[in-house]
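# Notes for the structure review
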Amino acid sequence: MSDVTEALSRLVRDVPDYPEPGIVYKDITPLLADHGALTAVVHALAAAGRDDDGRTAVDLVLGMESRGFILGAPVALELGVGFVPVRKEGKLPRETHTESYSLEYGEATLEIHTDAIAPGSRVLLVDDVLATGGTMAATRRLVESCGGVAHGAAVLLELSFLPGREAIGDLPLLALGQV
Ligand SMILES: O=P(O)(O)OC[C@H]1O[C@H](OP(=O)(O)OP(=O)(O)O)[C@H](O)[C@@H]1O
Ligand SMILES: Nc1ncnc2[nH]cnc12
């Protein structure tokens, strides 16, 4: 078993019926608190932003509020590029593009500064969980609204009993683990 697979199985905890009945919530906080595990998953996620020769193939890493921030920023540092936050509604101070979407447990709205991504820039989208794919698909639309190119998506866990892959269409996905 790889370090990453071992870390995910040991340090991501299932929390039944959170935040609502019927949802099994994947709690990544034990993994975040473990330096070795955090280092291993950040390194593995960064591979989605490299070409076959190991060179950085993206101009930016983007993370979605809030768990995407925790993982996305160190991935950006590892790739040697900057980080763009996509925030929940009403948190960004300047002009934004906005997308509303459904996720596994509700509905939400995400925003990006209109000038956050230079046209033509290649962007890696980083988050912790791909569930219905609503969050990732909305984020891709935000990248494209800015004129950016979504290079790929990288997540810790894909909930494969939900149609996340379908929702993100042809966006290449690296999932470090699947349940
Ligand atoms: O594939 P989906 O069904 O869209 O679900 C995945 C999203 O749900 C969670 O975020 P949440 O909105 O709960 O925000 P948080 O990171 O602030 O907890 C998770 O971090 C993903 O962003
Ligand atoms: N089951 C789940 N656990 C943690 N985060 C999620 N985001 C959407 N579904 C989730």
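First, a word on what this report is: a plain description of the structure on this page. In every chain, residue numbers begin from 1 and rise along the written sequence. Following the order in which they are written, the chains are lettered starting with A and the ligands numbered starting with 1. Where totals are concerned, whole chains, interfaces and linings use all residues; where local detail is concerned, this predicted model gives features only for residues with pLDDT of at least 70, and gives and counts side-chain atom pairs only at 80 or more. Computation of side-chain values: all heavy atoms of the structure, hydrogens and water removed.

Right, let's talk about the site of ligand 1 for a bit. Taken together, 16 residues form the shell around ligand 1, and within it Tyr105, Asp127, Asp128, Thr132 and Thr135 come nearest. With respect to ligand 1, the side chain of Asp127 contributes an N or O atom lying 2.5 Å from an oxygen atom. Separating an oxygen atom of ligand 1 from a side-chain N or O atom of Thr132 is a distance of 2.6 Å. Relative to its unbound accessible surface of 500 Å², ligand 1 loses 88% to contact with the protein. A 1.4 Å probe that fits into a set of points on a 1 Å grid over the protein atoms alone but cannot get out defines a cavity; an open set with protein on both sides within 12 Å along at least five of seven lines defines a pocket, and lining residues are those with an atom within 4 Å of a point. Think of it this way: a molecule belongs to a cavity or pocket when more than half its atoms come within 2 Å of the grid points there. Assessed atom by atom at 2 Å from the grid points, ligand 1 resides in the largest pocket. Secondary structure elements follow DSSP: runs of H or I of four or more residues count as helices, runs of E of two or more count as strands, with numbering from the N terminus. Secondary-structure elements contributing two or more residues to the shell around ligand 1 are strand E7 (122-130) and helix H5 (134-145). With 4 residues, the top contributor of residues to the shell around ligand 1 is E7. We call a residue near a molecule or strand whenever a single non-hydrogen atom of that residue lies within 4 Å of it. Each polar contact in these results corresponds to two N or O atoms within 3.5 Å; when the atoms are within protein, one needs to be able to donate a hydrogen and the other to accept it, and residues that are neighboring in sequence are counted only if both atoms are side-chain atoms. Using the Shrake-Rupley algorithm and a 1.4 Å probe, accessible areas are obtained, with residue cover drawn only from the displayed protein chains.

Here the focus is H5. The terminal C-alpha atoms of H5, which comprises 12 residues, lie 17 Å apart, in line with the 16 Å expected from a rise of 1.5 Å per residue. Relative accessibility decides the category of a residue: with a 1.4 Å probe and only protein chains considered, values under 20% of the type maximum give buried, values over 50% give exposed, and everything between is partly exposed. The complete set of buried residues in H5 reads Gly134, Thr135, Met136, Ala137, Ala138, Thr139, Arg140, Leu142 and Val143. Looking one or two residues beyond H5, the residue adopting positive phi is Gly147, at roughly 90°. The length a helix should cover is 1.5 Å for every residue beyond the first.

With that settled, the discussion passes to helix H1 (residues 3-11). If you check which residues of H1 are buried, you get Val4, Ala7, Leu8 and Leu11. Within H1, the buried residues cover an arc of 100° as seen down the axis, which keeps them to one side. Contacts are assigned to residue pairs that have any heavy atoms within 4.5 Å of one another. Where the residues of H1 are buried, they touch strand E1 (13-16), strand E2 (24-27), helix H2 (29-32), helix H3 (35-46), strand E8 (149-158) and strand E9 (173-178). Throughout, the arc means that of the directions going from the helix axis to the C-beta atoms.

Turning next to the packing of H1 against H3. Look at H1 against H3: their axes get within 9 Å of each other, and the N-to-C directions meet at 125°. One way to sum up the angle between H1 and H3 is to call them oblique. Like other packed secondary-structure pairs, H1 and H3 cross with a definite hand, here left-handed. Packed against H1, whose contacting residues are Val4, Ala7 and Leu11, the element H3 presents Ala37, Ala40, Val41 and Ala44 at the interface. Three classes are used, and their members are as follows: Ala, Val, Leu, Ile, Met, Phe, Trp, Tyr, Cys and Pro are nonpolar, Asp, Glu, Lys and Arg are charged, and the others, Gly among them, are polar. In terms of residue class, the contact of H1 with H3 is built from 7 nonpolar, no polar and no charged. All axes are obtained by fitting lines to C-alpha atoms, using only the stretch in contact for helices, and the reported angles, taken between N-to-C directions, cover 0 to 180 degrees. Angles below 35 degrees are treated as roughly parallel, those above 145 as roughly antiparallel, those between 65 and 115 as roughly perpendicular, and all remaining angles as oblique. If you view the pair so one helix is near and one far, a crossing is left-handed when the near helix is turned anticlockwise from the far one by less than a right angle, and right-handed when it is turned clockwise.

In the vicinity of ligand 2, the contacting residues are Val24, Tyr25, Lys26, Arg67, Glu104, Tyr105, Val129, Ala131 and Leu159. At 2.8 Å from a nitrogen atom of ligand 2 is found a main-chain nitrogen or oxygen belonging to Lys26. At a threshold of 2 Å from the grid points, most atoms of ligand 2 map onto the largest pocket. For the shell around ligand 2, the element with the highest residue contribution is E2, accounting for 3 residues. Grouping the constituent residues of the shell around ligand 2 by class yields 6 nonpolar, no polar and 3 charged.

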